[in-house]
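Chains, contacts and geometry: an overview
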Amino acid sequence: MFRKETRKIKIGNKTFIGGDSRITVQSMTNTDTRDVKSTVNQIRNLEIAGCDIIRCAVPDMEAAKAIGEIAKQISIPLVADIHFDYKLALESIKSGVSALRINPGNIGSIERVKMVAEACNDKNIPIRIGVNSGSLEKELLAKYGKPCPEALVESALKSADILEKMNFRDIVISIKSSDVQTMINSYRLMSEKSDYPLHLGVTESGTPWRGTIKSSVGIGTLLAEGIGDTIRVSLTGDPVEEIKVGNEILKALGIKKGGIEFVSCPTCGRTQIDLIGIAKEIEDKLSSCKKDIKVAIMGCVVNGPGEAREADIGIAGGKGEGIIFKKGEILKKVKEEDLVQELMKEIDKL
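Residues numbered from 1 in each chain as written. Predicted model: local features only at pLDDT ≥ 70, side-chain atom pairs only at ≥ 80, totals over all residues. Heavy atoms only, no water.

The secondary structure content of the chain amounts to 12 helices and 15 strands. Along the longest, intermediate and shortest principal axes, the C-alpha atoms of the chain span 75 × 45 × 30 Å. Put simply, the chain has 51 plus and 49 minus side-chain charges, and the middle of one group is 1 Å from the middle of the other. (Helix = DSSP H or I, 4+ residues; strand = E, 2+ residues; numbered from the N terminus. Lys, Arg positive; Asp, Glu negative; His and termini not counted. Charge placed at Lys NZ, Arg CZ, Asp CG, Glu CD.)

So, in structure tokens, the structure goes:
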């Protein structure tokens with residue numbers, strides 16, 4: 001798949017964004033950053049789920065100091081999310097964060113921005129400029145009349161230019177909107193105008209159901225066009241769900257390989273077993289499985305054997321029973337109530 005080449009930025013000891021590096025999946029904690037134990041526990045769960053980079057809110061100096069202890073106890077790069085107070089950025093840098101997320105335009109005077117940029121340069125810490133449609137500068141809203149791609153891109157490039165003039169170049173840009181089409185067009189325009197690595201996301205996308213749909217459409221469209229270097233699926237819920245959705249978006253596009261590929265039919269009038277319940281139970285049981293296999297759960301013999309033949313393992317339903325296939329070969333016929341248990345046994349053998 002074609003992908004636009006952008007600047008390659010190092011974040012932490014061994015993670016990169018942009019250039020020829022892999023597309024990373026991010027999330028943000030929703031714990032109180034000052035509660036180190038809870039925050040570390042959540043980050044560790046996110047790491048297990050496949051999170052590559054984590055961001056924590058830094059609302060005050062206590063949180064900025066806590067960041068250092070959190071960073072010591074996790075294995076992935078930690079980004080400090082800073083708004084308004086440059087002192088929080090300086091303290092976070094001192095505490096050992098891997099990156100900052102700021103908007104240079106809202107942390108004060110040029111001198112304050114310069115202090116942050118110099119501190120980041122000294123520690124080789126990149127800065128992500130984050131622009132949202134809900135927080136555009138008043139002059140840009142007056143100029144364009146409303147949040148639009150042109151306004152978002154101008155805002156981000158203006159902030160980037162401030163840093164560039166201070167000889168700071170390790171910049172990642174995000175230009176998020178809760179409107180999917182605005183988000184897509186904004187990133188397209190930014191991709192045309194610069195070579196900065198882009199952090200993709202639909203901000204405030206909603207609950208896991210609606211947010212997954214909006215994020216998949218927005219992020220997936222851009223990735224399919226070769227735009228984007230790192231992603232975050234923003235959901236109102238458990239951050240672990242953000243990582244699951246983000247990784248599935250990458251898998252669906254063939255960008256990420258490995259892990260379970262799960263195929264199940266939508267069911268129809270020919271289905272004579274509880275395929276919906278069976279598929280859900282098997283998917284849940286495989287949620288933490290790291291095996292690189294394709295599993296097919298099919299309702300009847302019309303498509304079942306064919307799909308199962310393409311899979312490493314699978315079932316095709318019959319009347320109150322099912323057939324378990326392995327690489328196209330029939331292993332056994334099993335009663336409906338035993339299908340899940342017997343399939344899992346065969347998966348364990350793979």
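Positionally, Glu336 belongs in the loop between strand 15 (329-335) and helix 12 (339-349). Sequence spacing of Glu336 and Gln272 is 64 residues, and the spatial spacing of their C-alpha atoms is 9.6 Å. Among all residues touching Glu336, those that are not within four sequence positions of it are Gln272, Ile273, Asp274, Ile278, Gly320 and Glu321. Engagement of the side chain of Glu336 in a polar contact is seen with the backbone nitrogen of Asp274, the distance being 2.8 Å. (Contact = heavy atoms within 4.5 Å. Polar contact = N/O pair within 3.5 Å; in protein donor to acceptor, adjacent residues only side chain to side chain.)

What follows is about the sheet that holds strand 10 (residues 230-232). A sheet is described by the order of its strands in space; here eight strands give the open sequence 8-7-6-5-4-3-10-9, paired in parallel fashion. In the strand order of this sheet, the two ends are held by strand 8 (171-176) and strand 9 (199-200), each with one partner. With six bridges joining them, strand 7 (residues 127-132) and strand 8 adopt parallel strand pairing. If you follow Arg128 over to strand 8, its bridge partner there is Val172. The strands touched by helix 9 (residues 239-252) are strand 3 (24-28) and strand 10; relative to strand 3, the strand with the most contacts, the crossing angle is about 160°. (Pairing = 2+ DSSP bridges. Axes fitted to C-alpha atoms, helices over the stretch in contact; angles between N-to-C directions.)

Assigned domains within the chain: domain 1 (7-251) and domain 2 (258-347). Using C-alpha coordinates to define each centre, domain 1 is positioned 39 Å away from domain 2. (Domains from an automatic or database assignment.)

Taken together, the side chains of Trp209, Ile213 and Val217 define a hydrophobic patch exposed on the protein surface, amounting to about 330 Å² of accessible area. On the secondary structure map, Ile213 appears in helix 8 (residues 208-224). (Patch = residues over 30% accessible without salt bridge, like charges linked within 9 Å, V, L, I, M, F, W, Y side chains within 5 Å. Areas by Shrake-Rupley, 256 points an atom, 1.4 Å probe, with all protein chains shown as cover. Salt bridge = Lys/Arg side-chain N within 4 Å of Asp/Glu carboxyl O.)

With that out of the way, let us pick up the pairing of strand 7. Of all six residues making up strand 7, six are buried, and the element is well covered by its neighbours. Alternating residues of strand 7 divide into Ile127, Ile129 and Val131 and Arg128, Gly130 and Asn132, and every residue in both groups is buried. Bridge analysis of strand 6 (residues 99-102) against strand 7 gives three bridges, and the strand direction is parallel. Bridge pairing in strand 7 places Arg101 opposite Arg128. (Buried < 20%, exposed > 50% of the residue type's maximum accessible area, 1.4 Å probe, protein only.)

For the coordinates displayed, the defined rule picks out zero disulfides. With no disulfide of its own, Cys56 lies 10.0 Å from the sulfur of Cys51, the closest cysteine sulfur. Its relative accessible area of 0% is what places Cys56 among the buried residues. (Disulfide = S-S within 2.5 Å.)

A volume near 850 Å³ is recorded for the largest pocket. What lines the largest pocket is a set of 25 residues, among which Lys244, Glu248, Leu286, Ser287 and Ser288 lie closest to the centre. At the level of elements, helix 1 (36-49), helix 9 and helix 10 (275-285) are the ones that each hand at least two residues to the lining of the largest pocket. Of the residues forming the lining of the largest pocket, the biggest block, seven residues, is contributed by helix 9. Within the lining of the largest pocket, the residues separate by chemical class into eight nonpolar, seven polar and 10 charged. (1 Å grid on protein atoms, 1.4 Å probe; cavity = no way out; pocket = protein on both sides within 12 Å on 5 of 7 lines; lining within 4 Å. Points joined across faces, edges and corners; volume = space filled by probe spheres on them. Nonpolar A, V, L, I, M, F, W, Y, C, P; charged D, E, K, R; others polar.)

By the definition in use, this model includes two cavities of 30 Å³ or more. Approximately 110 Å³ is the volume attributed to the largest cavity. Contributing to the lining of the largest cavity are 13 residues, with Ile11, Ile17, Ala99, Arg128 and Val172 lying nearest its centre. Elements with a minimum of two residues in the lining of the largest cavity: strand 1 (9-11), strand 6 and strand 7. Looking at the lining of the largest cavity residue by residue, the class counts come to nine nonpolar, two polar and two charged. For the second largest cavity, the calculated volume is near 40 Å³. Lining the second largest cavity are Arg3, Lys4, Thr6, Ser191, Leu198, Gly226, Ile227, Gly228 and Asp229. Considering only residue class, the lining of the second largest cavity consists of two nonpolar, four polar and three charged.

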